[in-house]
Structures are given as C-alpha cells and as structure tokens.
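# Understanding the architecture of this molecule
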Amino acid sequence: MAPRVVVLISGTGSNLQALIDAVNSGALTAEIPLVISNRSKVFGLERAEKAGIPSKVLALKPYTAAGRTRVEYDLDLAQLVIDAKPDLVVLAGFMHILSPEFLNQFPTTPLINLHPALPGQFDGAKAIERAFEAYQKGEIKHTGVMVHRVIQEVDGGEPVLVKEVEIKPEDDLAALQERIHSVEHVLLVQGAAIVLEEEAKKKSAA
Ligand SMILES: Nc1nc2c(c(=O)[nH]1)N[C@@H](CN(C=O)c1ccc(C(=O)N[C@@H](CCC(=O)O)C(=O)O)cc1)CN2
Ligand SMILES: NCC(=O)N[C@@H]1O[C@H](COP(=O)([O-])[O-])[C@@H](O)[C@H]1O
C-alpha cells in the first residue's frame, strides 16, 4: 500500500498541486487521502476537489469566537489528521502555528514544513517579503527555500533539504516570489520523498 501523505494548506495550494502532480506522474510513490485547510474558499481546496482528493476545512475563528482555545482547535485538527492514518504530514503553506499539544499527538509520524527562507533566516510569516527588504538594504545577497521537520520552535526544525535562491538586482518582489515558488514546488516533492524513504527504511529495519 502506498504511503499516506496528509497535506495541510491555507491558500492557493500551488505546493499541494506539486505533490498531486508528483503522485499522479509516479514521481512520488504516495497517496494523498486528505487535504485540510484552515481557511475556506481557498483555491487549494479547488485543486484537491479537481484531483478527487477529500478535503476538510477547520478554521480557528469559530473556536475563538466561541471562547474556545487554540489548544482545543489544535486537538480537533490533530484528530482529523489521525483519522486519515498518515505516514507523513506535510504543511504546504499552512499558516497556523501548531501547539505542543498538537505535535504530541504525533510521536512517530513525521511532520514536515515548506518554508521560503534559509535555516535561521526570516522564520515565520512573510519570509519572502522580509528577505526582499533585507536584500534591498544590502543585508543579504541571496535567500532560499527549505523543507524542515516540524517542532514547536517555528521553522526551527531540522532541515531535510535546503536550496539557495538567487536575488537579482533587477528583481521586484513578484520576480523573487516566482523564482522561490518554482524552487518550492521541486523541493517539497523531493523532501517528502526523502522522509518517506527514511520511514520505509525504519519499518524494514524494525
Ligand atoms: N509549531 C510549529 N508550527 C508551525 C511551523 C513550525 O515550524 N512549528 N511551521 C509553520 C509554517 N510557517 C512558516 O513556515 C508559519 C505559518 C504561520 C505563522 C504565523 O504567524 N501564523 C499566525 C497566523 C497568521 C495568519 O493567520 O495569517 C498564527 O498562527 O497565529 C508563522 C509561521 C506552520 N506551523
Ligand atoms: N511560513 C510558511 C510559509 O510562508 N509558507 C509559504 O506559503 C506559500 C504557500 O503557497 P501555496 O499555497 O501556493 O502552496 C509558499 O510560498 C510557502 O513557502
């Protein structure tokens, strides 16, 4: 049976699409049983539907509006993921900081995140914009993309793959974003394949 990859998104889903395309082409030996978004009406959900992949939306706002906590949200989110029986959880533009309570639900299941920056640089949201500003100020000469394991420290997890991305003097933000996204789409698939291969080796060694 192909390894099960559950994908969490928050937006356009171009990285989700890269995973879908890789699975469909055979470049990535896996299946995607579920896509979860923390935002409704995002194009990533349309991509999942078009690919025939079940999806669920679990937004934080109703929890906070009802006086419920982020941890309650995270535990419900974890249960959705657990119910899909993942071999790997991929955060593909998932714009929600996961609590220790969520992470503790997955002691053995690998979680990876795609982040459009180099390790230790521009952790958190709006990384591309911040890198572009830093380049304009002469603080950096290039940026990058990484796939990393997810730990409580946001974007502090062990890198699985890292690739530097050039910033050109003539770049505007859109040009840099396009260059970074094209690297992301390749790196995420490669990173998922590496982690799935590691998991398969662990299972065969057990
Ligand atoms: N515990 C962890 N959670 C998450 C990680 C991680 O490494 N550890 N990676 C992030 C992805 N991410 C950057 O790669 C990231 C996403 C979102 C935010 C953030 O500030 N989110 C805000 C809400 C922002 C919004 O809704 O637009 C929040 O959660 O309050 C920072 C970094 C995924 N989660
Ligand atoms: N901190 C996490 C973060 O910034 N993630 C970024 O969100 C975008 C999602 O695009 P997509 O919805 O088209 O895949 C990607 O650029 C990804 O690196």
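Since the structure is predicted, the reported quantities are computational estimates derived from the model, not experimental observations.

## Quick word on the pairing of strand E6 (residues 142-149)
Judged by how many residues are buried, E6 sits mostly within the fold: 7 of 8 residues are covered. Note that strand E5 (residues 111-115) and E6 share 4 bridges and pair antiparallel. For Ile 112, the partnering residue across the bridge sits in E6 and is Arg 149. For E6 and strand E7 (residues 159-166), the ladder comprises 7 bridges, and the chain directions are antiparallel. Pairing of His 142 across the sheet is with Glu 166, part of E7.

## So, the site of ligand 2
As a matter of local geometry, ligand 2 sits amid 13 residues, with Gly 13, Ser 14, Asn 15, His 181 and Glu 184 nearest to it. In this structure, an oxygen atom belonging to ligand 2 sits 2.6 Å away from a side-chain N or O atom of Ser 14. In the complex, 86% of the free accessible area of ligand 2, which totals 440 Å², lies under the protein chains. Those elements that provide at least two residues to the shell around ligand 2 are helix H1 (14-25), E5 and helix H7 (173-205).

## So, the sheet that holds strand E1 (residues 5-9)
Read across the open sheet, the 7 strands follow the order E3-E2-E1-E4-E5-E6-E7; overall the sheet is mixed. Each edge of the open sheet carries a strand with a single partner, namely strand E3 (55-57) and E7. In this sheet, adjacent strand axes meet at a mean angle of 15° when their direction is disregarded. Each of E1, strand E2 (35-37), strand E4 (88-91) and E5 touches H1; the most contacted strand, E1, lies at about 160° to it.

## Concerning the site of ligand 1
Around ligand 1, the surrounding shell holds 19 residues, and the nearest of these are Arg 39, His 96, Asn 113, Ile 151 and Asp 155. Within the side chain of Arg 70, one N or O atom sits 2.9 Å away from an oxygen atom of ligand 1. His 115 is positioned with one of its side-chain polar atoms (N or O) 2.9 Å from an oxygen atom of ligand 1. Protein contact buries 78% of the 710 Å² of open area that ligand 1 shows by itself.

Cut-offs used in this document
Note that residues are indexed from 1 along each chain, following the sequence as it is written. All chains are assigned letters beginning with A, and all ligands numbers beginning with 1, in the order in which they are written. Local features in this predicted model are restricted to residues whose pLDDT is 70 or higher, and side-chain atom pairs enter the listing and the counts only when it is 80 or higher, whereas totals over whole chains, interfaces and linings include all residues. Hydrogens and water molecules were not included; the side-chain quantities draw on all heavy atoms of the structure. Throughout, exposure labels follow a simple rule: accessible area from a 1.4 Å probe, protein chains only, divided by the maximum for the residue type, with under 20% read as buried, over 50% as exposed, and the rest as partly exposed. Put simply, DSSP H or I for four residues or longer makes a helix, DSSP E for two residues or longer makes a strand, and each gets a number counted from the N terminus. Pairing between two strands is assigned when DSSP locates at least 2 bridges connecting them. One heavy atom within 4 Å of a molecule or strand makes the whole residue count as near it. In protein, a polar contact requires one atom able to donate a hydrogen and another able to accept it; more generally it is a pair of N or O atoms within 3.5 Å, and residues adjacent in sequence count only if both atoms are side-chain atoms. Residue burial considers only the protein chains on display, and all accessible areas are found by Shrake-Rupley using a 1.4 Å probe. Every angle, taken between N-to-C directions, lies between 0 and 180 degrees, and every axis is a line fitted to C-alpha atoms, over only the stretch in contact when it is a helix. Should any heavy atoms of two residues lie within 4.5 Å, those residues are considered in contact.

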